[in-house]
Amino acid sequence: MTEMKEITMGEIESHNTEEDCWMVLGNSQTGGPMVYDITLYLDDHPGGAEVLLDLAGQDGDEFFEDIGHSQDARDELKRYRIGTLKIDEAEIARRIAAAEAALGKANSETNNIVMVLVVLFAVAVGVYITQFMDNSEGIDIVSRNITQTAEVVDGGCVDGSDIGGCG
């Protein structure tokens, strides 16, 4: 078997058009990252050329695996293999940075989920107070809060009103 050419990610990134479309696919479980010139395959792709062009000049392995391509698709892909991805220090650093960015995004999404849960909890408490408490209890709670607020604001005087003995 002929030795496969090692191609850097920098070179792959320059092949990102409909007329010249390369992509990296593969990982340690599938034989390592391979480089494919899929230019001639764009029109034949069952999902359309657009999905491939969105990943042109990039590592598309995660998307390829997430779709769950058949063995026939994997066999077809072999016809377009032109080399292997050169894994050098720069590529390792790029992959580490990409993994850290993905982790940061995941943490951000987790924080958003926590915020949504807090809001939902507050809404549930509000519904409970207004719907399930005895109406007089709810009125007492609201009345106490208004009285406490009035006492705090300007020593009991709110905009010159007669609340709290002002006048």
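Residues numbered from 1 in each chain as written. Predicted model: local features only at pLDDT ≥ 70, side-chain atom pairs only at ≥ 80, totals over all residues. Heavy atoms only, no water.

Asks: Mind laying out a nonpolar patch on the surface, listing which residues take part and the relevant values?
Replies: A surface patch of nonpolar side chains, about 400 Å² in accessible area, is lined by Ile113, Val116, Leu117 and Leu120. Its location among the elements puts Ile113 in helix α5 (residues 89-131). On the accessibility criterion, Ile113 (53% relative accessible area) is exposed. (Patch = residues over 30% accessible without salt bridge, like charges linked within 9 Å, V, L, I, M, F, W, Y side chains within 5 Å. Areas by Shrake-Rupley, 256 points an atom, 1.4 Å probe, with all protein chains shown as cover. Salt bridge = Lys/Arg side-chain N within 4 Å of Asp/Glu carboxyl O. Helix = DSSP H or I, 4+ residues; strand = E, 2+ residues; numbered from the N terminus. Buried < 20%, exposed > 50% of the residue type's maximum accessible area, 1.4 Å probe, protein only.)

Asks: Before we move on, can you summarise the pairing of strand β3 (residues 20-25) with the specific residues and values?
Replies: Counting buried positions along β3 yields five of six residues, so the element is predominantly enclosed. With two bridges joining them, strand β2 (residues 16-17) and β3 adopt antiparallel strand pairing. Paired with Thr17 across the strands is Asp20, a residue of β3. Linking β2 back to β3 in an antiparallel pair, the connection comprises two residues. Pairing analysis gives four bridges linking β3 to strand β4 (residues 34-37), with the strands arranged antiparallel. Opposite Trp22, over in β4, you have Asp37 as the bridge partner. (Pairing = 2+ DSSP bridges.)

Asks: Quick one: what's the story with the sheet that holds β2, residue by residue and with numbers?
Replies: Taken together, the five strands give an open sheet; going across it, the order is β1-β5-β4-β3-β2, and neighbouring strands pair in mixed fashion. What marks the edges here is a single partner per strand, and that holds for β1 (5-7) and β2. The pairing of β1 with strand β5 (residues 81-85) spans three bridges and is parallel. Bridging from a neighbouring strand, Glu6 pairs with Thr84 of β5.

Asks: If you had to explain the environment of Met9 to someone new, which residues and values would you point to?
Replies: Tracing the backbone through its elements, the reader meets Met9 in helix α1 (residues 9-13). Residue class for Met9 comes out buried when judged on its relative accessible area of 7%. The sequence separation of Met9 and Gln58 amounts to 49 residues, and the corresponding C-alpha distance is 7.8 Å. Ignoring any residue separated from it by four or fewer positions in sequence, one finds Met9 in contact with Val24, Gly57, Gln58, Asp59, Leu85, Glu91 and Arg94. (Contact = heavy atoms within 4.5 Å.)

Asks: Let's hear about the packing of aromatic side chains: which residues, and what values?
Replies: By the definition in use, this model includes one aromatic pair. Relative to Tyr80, the ring of Tyr41 lies with its centre 5.4 Å away and its plane at 50°, an arrangement referred to as tilted. Residue Tyr41 is located in the loop between β4 and α2 (49-53), and its partner Tyr80 is located in the loop between α4 (71-77) and β5; the two are separated by 39 residues in the primary sequence. Across the pair, Tyr80 and Tyr41 agree in class, each one buried. (Phe/Tyr/Trp six-rings, centres within 6.5 Å; stacked < 30°, edge-to-face > 60°.)

Asks: Kindly report on the side chain of Asp61, identifying the contributing residues and their values.
Replies: Within the secondary structure, Asp61 is located in helix α3 (residues 61-67). One buried charged side chain, Asp61, makes no salt bridge at all; its nearest oppositely charged neighbour is Arg74, positioned 6.3 Å away. Each residue touching Asp61, except ones within four places of it in the same chain, is listed here: Val24, Leu25, Gly26 and Asn27. (Lys, Arg positive; Asp, Glu negative; His and termini not counted.)

Asks: I'd love a proper account of the side chain of Thr84, names of residues and values included.
Replies: Mapped onto the fold, Thr84 is located in strand β5. Judged by its relative accessible area of 18%, Thr84 is buried.

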